[in-house]
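# Reading the structure
Chain by chain, the residues:
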Amino acid sequence: MGYRLLDRLESIVSGDFYEEGEKWELINSCPLFSGFGKRSLKALARHTYLRRLSADEVVYPIGSPAGALYFVLKGSVSLFQQKNGTMQPMRTVRQGSYFGESALFTTRDRRHGAVTLEESVLLALPKSDYNRLAVSSPETALKIMTILAGKFYQTLSDFLNEFRQLSREGAPDEVLS
């Protein structure tokens, strides 16, 4: 909870908050939320906050508490991890997608970091606010879980297909271990 409060205070000081009307417009125009009714969009708006970041700004560092799920409303974000003492890019998250979903399911610190690649607007859904959303608007919380489950299924399916391909090609032992 302290991390979330600190994050919000930093956003206020740096001018990252948008007026509520502009926040509503950004949320309403995001393709991820196209299946949400007005009631669900309003519930989502009540439990989230916006962050406006310049290019090359850290969203969160490796090892920080997993406090929020982020939706990319504008711009793009690079997720990276540290391997053998160097930063390795994992993937790029573009407008209309999301990252940091582990924050809703675990209390572990983040194993990767996130940095903006360009000026970006992110919609943050802190875990504590998601829990309140689940009580006040279960249908909205379920819609968010459906979005997350779809990505999880696709990621797992891609991994299994890649594993099967490597197995058929006789991949070296170090790749399969």
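A few points on the structure. (Residues numbered from 1 in each chain as written. Predicted model: local features only at pLDDT ≥ 70, side-chain atom pairs only at ≥ 80, totals over all residues. Heavy atoms only, no water.)

## Focus on the overall build of the protein
- The secondary structure content of the protein amounts to six helices and eight strands.
- Helices and strands appear in the protein in the N-to-C order α-α-α-β-β-β-β-β-β-β-β-α-α-α.
- Going through the 177 residues of the protein one by one, you find that 40% of them count as buried.
- Summed over its atoms, the accessible surface of the protein is roughly 10,300 Å², and 55% of this surface lies on carbon and sulfur atoms. (Helix = DSSP H or I, 4+ residues; strand = E, 2+ residues; numbered from the N terminus. Buried < 20%, exposed > 50% of the residue type's maximum accessible area, 1.4 Å probe, protein only. Areas by Shrake-Rupley, 256 points an atom, 1.4 Å probe, with all protein chains shown as cover.)

## Quick word on a nonpolar patch on the surface
- On the surface, Phe-152, Leu-156, Phe-159, Leu-160 and Phe-163 cluster together into a nonpolar patch covering about 500 Å² of accessible area.
- With respect to the element layout, Leu-160 can be found in helix α5 (residues 138-168).
- Taking relative accessible area as the criterion, Leu-160 reaches 34% and is therefore assigned partly exposed. (Patch = residues over 30% accessible without salt bridge, like charges linked within 9 Å, V, L, I, M, F, W, Y side chains within 5 Å. Salt bridge = Lys/Arg side-chain N within 4 Å of Asp/Glu carboxyl O.)

## So, the pattern of salt bridges
- Overall, the coordinates contain one salt bridge when judged by the stated rule.
- Arg-132 is the partner of Asp-129 in a salt bridge, and the nearest nitrogen-oxygen pair spans 2.8 Å. Of this pair, Asp-129 and Arg-132 both sit in helix α4 (residues 127-136), separated by three residues, roughly a single helical turn.
- With relative accessibility at 5%, the residue Asp-129 sits in the buried group.
- Under the relative-accessibility criterion, Arg-132 is labelled partly exposed at 39%.

## Some words on the nonpolar core
- Counting residues in each nonpolar core, the largest one holds 25 residues, and the members touching the most others are Phe-33, Leu-69, Phe-71, Leu-73, Leu-123 and Ile-144.
- Secondary-structure elements contributing two or more residues to this core are α2 (20-29), α3 (38-46), β3 (68-74), β8 (120-126), α4 and α5.
- Those residues within four positions of Ile-144 in sequence are excluded, and the remaining contacts are Phe-36, Leu-44, Leu-69, Leu-125, Tyr-130 and Leu-133. (Core = buried A, V, L, I, M, F, W, Y, C linked by side-chain atoms within 4.5 Å. Contact = heavy atoms within 4.5 Å.)

## Looking at the sheet that holds β3
- Reading across the sheet, the four strands line up as β1-β8-β3-β6 and stay open at both edges, with antiparallel pairing between neighbours. For this open sheet the edge positions go to β1 (49-53) and β6 (98-99), each flanked by a neighbour on one side alone.
- For β3 and β8, the ladder comprises six bridges, and the chain directions are antiparallel. Looking at the pairing, Ala-68 lines up with Pro-126 of β8.
- Strand contacts of α4: β3 and β8, with the helix running at about 60 degrees to β8, the strand carrying the most contacts. (Pairing = 2+ DSSP bridges. Axes fitted to C-alpha atoms, helices over the stretch in contact; angles between N-to-C directions.)

## Observations regarding the packing of aromatic side chains
- On inspection of all chains with the given rule, the structure shows six aromatic pairs.
- Seen from their ring centres, Tyr-70 and Phe-99 are 5.3 Å apart, and the 15 degrees between their planes marks the pair as stacked. With Tyr-70 in strand β3 and Phe-99 in strand β6, the pair connects residues that are 29 residues apart, well separated along the chain. The pair formed by Tyr-70 and Phe-99 is uniform in burial state, with each residue classed as buried. (Phe/Tyr/Trp six-rings, centres within 6.5 Å; stacked < 30°, edge-to-face > 60°.)

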